[in-house]
Amino acid sequence: MITSIVTGDIIKSRSLKNPELWMHTLKSALSTLNADTSKWEIYRGDSFQIEIPDISKSFINAIYLKACIKMVNGLDVRLAIGIGKKTYEGNKVSESNGEAFIFSGETLESLKKNKVNLSIKTANETLNKELNLYLKLALTFMDSWTVSSAEIVKLSIEQPDALQQELADIIGTKQDAISKRQKRAELDLIWELNSMFQQKITTLL
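Overview of the structure. (Residues numbered from 1 in each chain as written. Predicted model: local features only at pLDDT ≥ 70, side-chain atom pairs only at ≥ 80, totals over all residues. Heavy atoms only, no water.)

What to know about the pattern of salt bridges
Then, number 1: By the definition in use, this model includes 15 salt bridges.
Then, number 2: Its salt-bridge partner being Lys66, residue Asp76 comes within 2.9 Å of it at the nearest N-O pair. Here Lys66 lies in helix H2 (residues 58-70) and Asp76 lies in strand S4 (residues 76-85), a separation of ten residues in the sequence. The residues Asp76 and Lys66 share a single accessibility class, namely buried.
Then, number 3: A salt bridge links Lys200 to Glu130, with the nearest nitrogen and oxygen atoms 2.8 Å apart. (Salt bridge = Lys/Arg side-chain N within 4 Å of Asp/Glu carboxyl O. Helix = DSSP H or I, 4+ residues; strand = E, 2+ residues; numbered from the N terminus. Buried < 20%, exposed > 50% of the residue type's maximum accessible area, 1.4 Å probe, protein only.)

Topic: the side chain of Asn194
Then, number 1: Note on placement: Asn194 falls in helix H8 (residues 187-201).
Then, number 2: Residue classification places Asn194 among the buried residues on the basis of a relative accessible area of 7%.
Then, number 3: Setting aside its immediate chain neighbours within four residues, Asn194 contacts Ser56, Phe59 and Ile60. (Contact = heavy atoms within 4.5 Å.)

Some words on the packing of aromatic side chains
Then, number 1: The tally for this structure, following the rule as stated, stands at one aromatic pair.
Then, number 2: Ring geometry for Phe59 versus Phe197: centroids 5.6 Å apart, planes at 35 degrees, classification tilted. Note that Phe59 is positioned in helix H2 and Phe197 in helix H8, a separation of 138 residues in sequence.
Then, number 3: For Phe59, a relative accessible area of 0% gives the class buried. (Phe/Tyr/Trp six-rings, centres within 6.5 Å; stacked < 30°, edge-to-face > 60°.)

Points about helix H3 (residues 99-114)
Think of an α-helix as 3.6 residues a turn; residues three or four steps apart then line up on the same face.
Then, number 1: For H3, with 16 residues, the first-to-last C-alpha span of 22 Å sits near the 22 Å given by 1.5 Å per residue.
Then, number 2: Taken as a whole, H3 has its buried residues at Ala100, Phe101, Phe103, Ser104, Thr107, Leu108 and Leu111. The buried side chains of H3 occupy one side of the element, clustering within an arc of 160 degrees when seen end-on.
Then, number 3: For H3, the elements touching its buried residues are strand S1 (2-11), strand S3 (47-52), S4 and strand S5 (118-121).
Then, number 4: Of the residues one or two after H3, Lys115 is the one with positive phi, at around 55 degrees. (Expected span 1.5 Å × (residues − 1). Arc of directions from axis to C-beta.)

Brief notes about the sheet that holds strand S2 (residues 40-43)
Then, number 1: One open sheet accounts for five strands, arranged S2-S3-S1-S4-S5; its pairing is mixed. A single partner strand is all that each edge strand has here, and the edge strands are S2 and S5. Taking the axes of each pair of neighbouring strands and ignoring which way they run, one obtains an average angle of 15 degrees across the sheet.
Then, number 2: Examined bridge by bridge, S1 and S4 share ten bridges and lie antiparallel to one another. In the strand pairing of S4, Thr3 is matched with Gly84.
Then, number 3: With respect to the sheet, H2 is in contact with S1, S3, S4 and S5, its orientation differing from that of S4 by roughly 160 degrees. (Pairing = 2+ DSSP bridges. Axes fitted to C-alpha atoms, helices over the stretch in contact; angles between N-to-C directions.)

Here it is as structure tokens:
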């Protein structure tokens with residue numbers, strides 16, 4: 001069985017005096033992506049892991065997690081996507097095992113050393129190099145998202161078919177403000193990258 005694992009840790013989590021500010025946000029984001037609480041876990045205070053069985057959604061779900069955390073002023077997150085076989089199913093995600101889990105854990109360690117905030121690892125090295133180049137380029141604007149940019153990315157992923165006016169009504173602003181926020185966040189590029197990611201990742205199935 002091929003699955004995807006996203007392992008992450010919150011950057012500068014200890015700079016906030018009240019961890020509840022981001023802990024609630026993180027729990028809400030993880031439960032939105034997978035309602036089955038056995039498929040995600042928060043550990044060591046500011047680290048987490050989630051299984052995303054549909055590998056085609058692993059990229060956009062990672063972006064969703066990044067947007068949610070960046071809505072908390074001053075915070076960011078490292079995210080490692082591992083895609084591969086699951087050879088053992090435990091009662092909790094941390095007790096399961098297989099390629100996807102190993103790839104994700106190894107990649108998170110390399111992120112800290114290389115000072116990169118998002119990367120992917122699969123059994124296909126050629127695919128890894130290509131996708132990681134795209135991810136590095138995307139990080140040049142994603143790492144700079146403001147709270148309002150992160151908010152519109154989060155909302156746009158939650159409501160992918162919503163019109164700008166509908167998003168404006170949810171936030172309580174005007175349609176042209178939504179348009180400007182989406183452009184600043186480079187949302188069109190995110191959707192393009194997601195489409196390409198989905199096409200490339202099917203080669204692993």
